[in-house]
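Each chain is listed here by its residues.
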There are 4 protein chains.
Amino acid sequence: MNRSDSRQPDAHWRVRLHEIIFEADTPAGRAFDIVLIGSILLSVLVVMLESVASIRASYGQVLIRIEWFFTLLFTIEYILRLISVRRPLRYMLSFFGFVDILALLPTYLSLILPGSQYLFTIRILRLLRVFRVLKLSEYLSEAFVLTSALKASQRKISVFILTILSLVVVIGSIMYMVEGEENGFDSIPTSIYWAIVTLTTVGYGDLSPQTPWGKALASLVMVMGYGIIAVPTGIVTVEISQAALKARQATTQSCPVCGSEGHDSDAVFCKYCGNHL
Amino acid sequence: MNRSDSRQPDAHWRVRLHEIIFEADTPAGRAFDIVLIGSILLSVLVVMLESVASIRASYGQVLIRIEWFFTLLFTIEYILRLISVRRPLRYMLSFFGFVDILALLPTYLSLILPGSQYLFTIRILRLLRVFRVLKLSEYLSEAFVLTSALKASQRKISVFILTILSLVVVIGSIMYMVEGEENGFDSIPTSIYWAIVTLTTVGYGDLSPQTPWGKALASLVMVMGYGIIAVPTGIVTVEISQAALKARQATTQSCPVCGSEGHDSDAVFCKYCGNHL
Amino acid sequence: MNRSDSRQPDAHWRVRLHEIIFEADTPAGRAFDIVLIGSILLSVLVVMLESVASIRASYGQVLIRIEWFFTLLFTIEYILRLISVRRPLRYMLSFFGFVDILALLPTYLSLILPGSQYLFTIRILRLLRVFRVLKLSEYLSEAFVLTSALKASQRKISVFILTILSLVVVIGSIMYMVEGEENGFDSIPTSIYWAIVTLTTVGYGDLSPQTPWGKALASLVMVMGYGIIAVPTGIVTVEISQAALKARQATTQSCPVCGSEGHDSDAVFCKYCGNHL
Amino acid sequence: MNRSDSRQPDAHWRVRLHEIIFEADTPAGRAFDIVLIGSILLSVLVVMLESVASIRASYGQVLIRIEWFFTLLFTIEYILRLISVRRPLRYMLSFFGFVDILALLPTYLSLILPGSQYLFTIRILRLLRVFRVLKLSEYLSEAFVLTSALKASQRKISVFILTILSLVVVIGSIMYMVEGEENGFDSIPTSIYWAIVTLTTVGYGDLSPQTPWGKALASLVMVMGYGIIAVPTGIVTVEISQAALKARQATTQSCPVCGSEGHDSDAVFCKYCGNHL
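Every value quoted in this text rests on a predicted model; they were computed, and no experiment measured them.

**Q** How should I be thinking about the overall build of chain A in this particular structure?
**A** On a plain count of helices and strands, chain A comes out with 11 helices and 0 strands. Buried residues in chain A amount to 48% of all 277 residues. Pairs at least 24 apart in sequence give 53% of the contacts found in chain A among residues at least 6 apart. Total accessible area on chain A stands at roughly 13500 Å², and carbon and sulfur atoms take up 68% of it.

So this is what it looks like as structure tokens:
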């Protein structure tokens, strides 16, 4: 960016375009982002309305036209984004580039496969850009604490989920044998679905044990689920606590000699080079 | 208040009125508050009873009269409050001033719009004054720890809720396409409602997946919800922990001799040098 | 107890009886307690079986006789307890004395009021003595950590519950007006019941919103409940954490001069009298 | 193992077999484990498919043959395991030896007791070996933190569960008397099942209170359950936090010069005196 002056004039409008589309520092960039957010929300609302049978009957044609209008708008925006970035391919493969394509495809797909336009709502994910637009850098740092906490607990959670999945298969099979097809537990996959509904304490009630032994087993599963639900909460709480602690400690000075950071607040000497802080 | 002696005599009863209505230090003020709490509870009970069809059929007229009695009582009390405060407008715009008006309006509104008297129950919020009345200053400080913890976690929670809302829109749309209108998922908003019912583990069961793919997707959503429910708990726990820590630290004194800190609140001597604190 | 030698001989068997009934140090006391626990479990099981219609039809008379047998047994035991303690009245008014009476009354009451014998199951609470019998003093200390944590968080939790109750009344009233009697929300108390079922994420589904506005409001309540459920968990977690910390710290020495306890593990001087530990 | 060279030649292939079957260091051992995991997953899938009525009707014979193929395969594998270990009996009585047998029995049992082959899915537990195979030693250490946290909180949790069970019996009995058989609460065991469904916030809705008093009591139980669910979460969180702390402290070294502790694991110099660690 800072080398952009030395480039040919036609690159200049690309830099300007990049500023408008990707940044929110200039008034134009800010205006662009706010219009974009409004368009996303409106277009998602339109798809939602179109899915309601009574509204579709009366305004179906109008809503479809509005959908197409927004899709064309977002297509143009996407092309502009590709033009303005230095490495279009790299952008296409990034998280937001991927979301952008996913947000466009459904409408085009609906020409071949009617009904797929409802996946259009995936463009709501583009709203995650909102943090940047509103200059909510503090919010971003909060989001960072959350994601780093989740990342740190990823391993513990995958151990946990693997165990739960094995458990759910075993519980489902036993329940299938205890209750049987006459009580709605008509296959092991269905029983596993029931086990998940029960262990997560969702409890729809579309399937529930009818026999005394089934109820006894279900009671056991529920009490177990009671204890199990405590585990991910405990993991995430401890990780958030440590991430918050690290964030607080990391605000202290950097070493004047080696420039390293992350010293504890009570440190007197740099822990990497041994010089006085 | 302490300059009230130097003011004209007619202001004197206003000060006295203020003492009775707004404070609970004098016997009169305390009695007023207890009568008020009783009246609020009774009037809410009357509205509740009136909403039960069988009771309304037998005692409807009596209950409506009692409602009006309480509404007039609270109207007089509200006027007295406005008279006794120095800045009536400021009071009207405060939280409790707003609740006071909201607690009066429904009955008057029911003259024009029958049925709106049930909003009357909003006056239950006036009970939050109860903390002050019962001299539960410690309770207030506990409430303060809670609200400050919630305020501190506000940002993390709003990042979290925005993410959840986006997720719920996407899940709802996919489920609408997978299950379709014949299984009760008759529009995207309905499907989003289902997604919220499922992710929060409420699980009414008025809508539940019927197709194998729907059940598989729902299982995924439930396991996800399992992990997700841990996040706000983690956030709030860490904030409460830090608020509690801060509250404890604020009561601590340092030793006047050796300057050490971290003494318990009931310590008389420094635990490091043995000198009097 | 240690003065029991100087008393008249007839008191001696009372001391012995006390040892057997109230303590579990001697073989006789231990045997008594184990027989007692077995009797309690058996008698609760008998009442449970008697409540099942098909079993009652076949074995009703036998089960009722067994119930009476156990009730007479527990009555004799209760009288022996009263005889063996120094202050019978004080025992009668203690927690376990109260539970003992509650465990006896239902059967006698069933002579006058048929059906009340099912309250008999309250004698399961007598099982809480099991901790003492099995010499599980560590379990008792764990129970102590739990109860002291709950006691410490009592205030925060009552502030919390009062707020929730007010909220539930307001939500219930609004829902009653939005959904109305034709959708099952037939009175404000019923709507409040729905609000509690929803906020606590139980979600029976016997009542669920039918109108779009009702569903929207319910979604809001559920997301709110999602955040709210984090609060008591946060409170209790912090209290348990502090109770555990205190329990660990409190294992250090008592002051040799003033005998006070509860010094931190790094304390050098008594924080109460200032003498060297 | 390191003395295996000095043993007779026929023991050599046993050592080799042990390496392949029990270890994952050699290419052959790794390949064996991957094939094993694939076989387990496939065989569980086959049993699941066989339980679906429509699939069983068309492919029942084929699926049963595949089941028998896998069962024979696992039987051979089990025998090889027994041959290759030094102490076959000890292996048979270990956790994984027990799971291995449990995973074989159902198919053989189905010859006598049709339908029992569905217990076959218990072999999914064999997947827990996956951690070792994929060399996920860090995952194992995470699993260790989790299990040690659960073990440490075992006592608190058993005190908790015993209390809950007593509570559930009492609540169930009262509810049985309040609601009665005409509202579905047809016996005390059924009512206890309802109490567990409610307290754990599962809430199927197959049983729900119909009378006003029943609803009031249920509301109380739900609010109670709200507070109670916080307890195991709190216990587990604190234990995980302490286990994590211990894990971190165990990696810490003290400064050889000033003796201070609490250095980060990546520290090279003492942060208090500046000397090399």
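Further notes follow.
**Q** I'm lost on the packing of helix 2 (residues 27–51) of chain A against helix 9 (residues 188–199) of chain B in this one. Help?
**A** Each pair of packed helices can be described by the angle between their axes along with the distance between the axes. The N-to-C vectors of helix 2 of chain A and helix 9 of chain B enclose an angle of 100°; their axes lie 7 Å apart at closest approach. Taken as axis vectors, helix 2 of chain A and helix 9 of chain B run roughly perpendicular relative to one another. Along the contact surface, helix 2 of chain A presents Val47, Met48 and Ser51 of chain A, while helix 9 of chain B presents Ile188, Pro189 and Ile192 of chain B. When the residues that make up the contact of helix 2 of chain A with helix 9 of chain B are grouped by side-chain class, the tally is 5 nonpolar, 1 polar and no charged.

**Q** I'm lost on unusual backbone geometry in this one. Help?
**A** The phi torsion of most residues other than glycine is negative, and most of the peptide bonds are trans. All names here are of chain A. Even without glycine at this site, Thr201 takes up a positive phi of about 60°. Mapped onto the elements of the fold, Thr201 is located in the loop between helix 9 (188–199) and helix 10 (212–228). The buried category is assigned to Thr201, whose relative accessible area is 4%.

**Q** Before we go on, may I ask you to explain the UniProt feature "transmembrane region" (unreviewed entry) in chain A in this structure?
**A** Residue and element names in this part refer to chain A. Listed under "transmembrane region" (unreviewed entry) in the UniProt record, and renumbered for this structure, are residues 34–55, 62–80, 92–113, 157–178 and 216–238. Between the end C-alpha atoms of residues 62–80 there is a gap of 27 Å, over a span that is 100% helix and 0% strand. Spanning residues 216–238, this segment combines 96% helix with 0% strand, and its end C-alpha atoms are found 34 Å apart.

**Q** Help me understand the nonpolar core in this model?
**A** Residues Trp194 of chain A, Trp194 of chain B, Trp194 of chain C together with Trp194 of chain D are the most contacted members of the largest nonpolar core, which totals 186 residues. Counting residues in hydrophobic clusters, the runner-up holds 12 residues, among them Ile21, Ile40, Phe74 and Leu82 of chain A.

**Q** How do you make sense of the environment of Tyr108 of chain A when you look at a structure like this?
**A** All names here are of chain A. Checked against the element boundaries, Tyr108 lands in helix 5 (residues 95–112). Separated by 26 residues in the primary sequence, Tyr108 and Leu82 place their C-alpha atoms 19 Å from one another. Ignoring any residue separated from it by four or fewer positions in sequence, one finds Tyr108 in contact with Trp68, Thr71, Leu72 and Thr75.

**Q** Sorry, what's going on with a nonpolar patch on the surface here?
**A** Residue and element names in this part refer to chain A. Taken together, Trp13, Ile76, Ile79, Leu80 and Ile83 make up a surface patch of nonpolar side chains, about 460 Å² in accessible area. Top element by residues in the nonpolar patch is helix 3 (residues 53–84). It accounts for 4 residues. The topology assignment puts Ile79 in helix 3.

**Q** Hey, could you run me through the pattern of salt bridges in this one?
**A** Opposite charge on two side chains lets them pair, provided their charged atoms get close. By the definition in use, this model includes 16 salt bridges over all chains. Here the salt bridges share partners, and the residues they tie into one network are Glu77, Arg81 and Asp100 of chain A.

**Q** In this structure, what is going on with the environment of Gly184 of chain A? I would like to understand it.
**A** Residues and elements named next belong to chain A. Structurally, the position occupied by Gly184 is in the loop between helix 8 (154–179) and helix 9. Between the C-alpha atom of Gly184 and that of Tyr226, which follows or precedes it by 42 residues, the distance is 25 Å. In this view, Gly184 contacts Thr190 and Leu207; residues no more than four positions away in its chain are not counted.

**Q** Help me out: how do you make sense of the confidence of the model for chain A in this one?
**A** Low-confidence regions, as indicated by low pLDDT, have predicted coordinates that should not be scrutinised in detail. All names here are of chain A. Chain-level pLDDT for chain A is 77 on average; 72% of the residues reach the 70-or-more range. Element-level mean pLDDT values for chain A span from 55 in helix 6 (residues 130–133) up to 91 in helix 9. Confidence over residues 1–7 falls short of pLDDT 50; this stretch has 7 contacts with residues more than four positions distant or in other chains.

**Q** Would you take a moment to explain the side chain of Ser208 of chain C for this structure?
**A** Within the secondary structure layout, Ser208 of chain C lies in the loop between helix 9 (188–199) and helix 10 (212–228). By relative accessible area, Ser208 of chain C is classed as buried at 5%. In this structure the side chain of Ser208 of chain C is engaged in a polar contact, spanning 3.3 Å, whose partner is the side chain of Asp206 of chain B.

**Q** What is the right way to look at the packing of aromatic side chains in this model?
**A** Any two aromatic rings considered together are summarised by their centre-to-centre distance and by the angle between their planes. Residues and elements named next belong to chain C. A complete count under the given rule lists 16 aromatic pairs over all chains for this structure. Seen in terms of ring centroids, Phe70 and Phe74 are 6.2 Å apart; in terms of plane orientation they differ by 20°. Their pairing is stacked. Here Phe74 and Phe70 lie together in helix 3 (residues 53–84), a separation of 4 residues that amounts to about one turn. By relative accessible area, which is 8% here, Phe70 ends up buried. Seen from their ring centres, Phe185 and Trp194 are 5.5 Å apart, and the 70° between their planes marks the pair as edge-to-face. Using a relative accessible area of 0% as the deciding quantity, one classes Phe185 as buried.

**Q** Explanation requested: the environment of Leu63 of chain A in the structure shown.
**A** All names here are of chain A. Mapped onto the elements of the fold, Leu63 is located in helix 3. Along the backbone, Leu63 and Glu50 are 13 residues apart, and their C-alpha atoms lie at a distance of 6.4 Å. If we skip the residues at most four places from it in the chain, Leu63 touches Val46, Leu49, Glu50 and Ile55.

About the cut-offs
- Residues numbered from 1 in each chain as written.
- Chains lettered and ligands numbered in written order.
- Predicted model: local features only at pLDDT ≥ 70, side-chain atom pairs only at ≥ 80, totals over all residues.
- Heavy atoms only, no water.
- Helix = DSSP H or I, 4+ residues; strand = E, 2+ residues; numbered from the N terminus.
- Buried < 20%, exposed > 50% of the residue type's maximum accessible area, 1.4 Å probe, protein only.
- Contact = heavy atoms within 4.5 Å.
- Areas by Shrake-Rupley, 256 points an atom, 1.4 Å probe, with all protein chains shown as cover.
- Axes fitted to C-alpha atoms, helices over the stretch in contact; angles between N-to-C directions.
- Parallel < 35°, antiparallel > 145°, perpendicular 65-115°, else oblique.
- Nonpolar A, V, L, I, M, F, W, Y, C, P; charged D, E, K, R; others polar.
- UniProt positions renumbered as here; feature names shortened; annotations may be inferred.
- Core = buried A, V, L, I, M, F, W, Y, C linked by side-chain atoms within 4.5 Å.
- Patch = residues over 30% accessible without salt bridge, like charges linked within 9 Å, V, L, I, M, F, W, Y side chains within 5 Å.
- Salt bridge = Lys/Arg side-chain N within 4 Å of Asp/Glu carboxyl O.
- pLDDT = per-residue confidence, 0-100.
- Polar contact = N/O pair within 3.5 Å; in protein donor to acceptor, adjacent residues only side chain to side chain.
- Phe/Tyr/Trp six-rings, centres within 6.5 Å; stacked < 30°, edge-to-face > 60°.

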